[in-house]
Amino acid sequence: MGANKILVVPTVALFESIPHFHGFKAANSSELDKLEVVIRSHGEWKERLYDGDSKIEHDFTYKQIIPYGVIITNDNDALKILLYPREKGSGDSRLWGKTSIGIGGHIESQDSINLRPEYLERKLKESIEREIKEEITASKYGDFSFLGFLNDDTQPITEENFIYGDSEEGNSGRVEGVGVPIGYVHFGLVYLLKVSPDVKTVEAHQKKFKLITLDEIGSYIPTMETWSRILAPEIKRLYGGFF
């Protein structure tokens, strides 16, 4: 079974350029430049599906680069953030049943990303813009603000839960089992997008999203997928600088 290819970078190369961290790391354009260098030097296109199974989703020697957009609006002088459920049958099964404040997706080969410096940053933004506009519509869209990086690879991997595949050179580190913690294979680029308060779901998707105030966000944190749970307090702390 074939699949579209997605952009990945070797985990070792990524954290040689950007010191390893857990959680949200506020980053400026110079640090985004470092990531772009890693992508240009080490980026690869890998099939997400292989023989009907998501092999790259279980290979923690690579990080999949995921633009992750947080949607906010000013509704009757109240700052609100978009929240939606990760429903069964939609996206990664490891996120089903959780809520999220981020819309994101893989950078796919169909994005035709040119890895030259003058194109890469623009193409990263275009990738998350495409993902967002596939899900929501609004009469006005603001500019994307780059906030920083997300990384979560602290959950333990044990022999009890995973089977390791061997290569001729020895243990490859490739996990052939199921259930690899999702954070081990993903690295997030966080963008903030302000839209008009008439935002609504694209009819074809019918996501059951809602707009919540930042004062309400705390009550939803226990239900959130890990990246949103990490990011929600940061958005609440940082939002004032954008208005």
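Placed above this text is the structure.
What counts as what
Residues numbered from 1 in each chain as written. Predicted model: local features only at pLDDT ≥ 70, side-chain atom pairs only at ≥ 80, totals over all residues. Heavy atoms only, no water. Helix = DSSP H or I, 4+ residues; strand = E, 2+ residues; numbered from the N terminus. Buried < 20%, exposed > 50% of the residue type's maximum accessible area, 1.4 Å probe, protein only. Phe/Tyr/Trp six-rings, centres within 6.5 Å; stacked < 30°, edge-to-face > 60°.

(A) Spatial organisation of the environment of Tyr 62. Residue placement: Tyr 62 occurs in strand E4 (residues 62-75). Relative accessible area serves as the criterion here: at 14%, Tyr 62 is assigned to the buried category.

(B) The packing of aromatic side chains, seen in detail. Going through the model one piece at a time under the given rule, you end up with 8 aromatic pairs. For the ring pair Phe 21 and Phe 187, a centre distance of 6.1 Å and an interplane angle of 75° mean the geometry is edge-to-face. Here the residue Phe 21 occupies a position in the loop between helix H1 (11-17) and strand E2 (23-26), and Phe 187 occupies one in strand E12 (residues 186-195), the gap between them amounting to 166 residues. Taking relative accessible area as the criterion, Phe 21 reaches 12% and is therefore assigned buried. A ring pair is formed by Phe 149 and Phe 187, whose centres lie 5.3 Å apart and whose planes are at 40°; its orientation type is tilted. With Phe 149 in strand E9 (residues 141-151) and Phe 187 in strand E12, the pair connects residues that are 38 residues apart, well separated along the chain. Among the residues examined, Phe 149 registers a relative accessible area of 0% and is labelled buried. Here Phe 187 falls in the buried class, since its relative accessible area comes to 0%. Every member of this aromatic cluster is reached through a ring pair, and the members are Phe 15, Phe 21, Phe 144, Phe 146, Phe 149, Phe 187 and Tyr 191.

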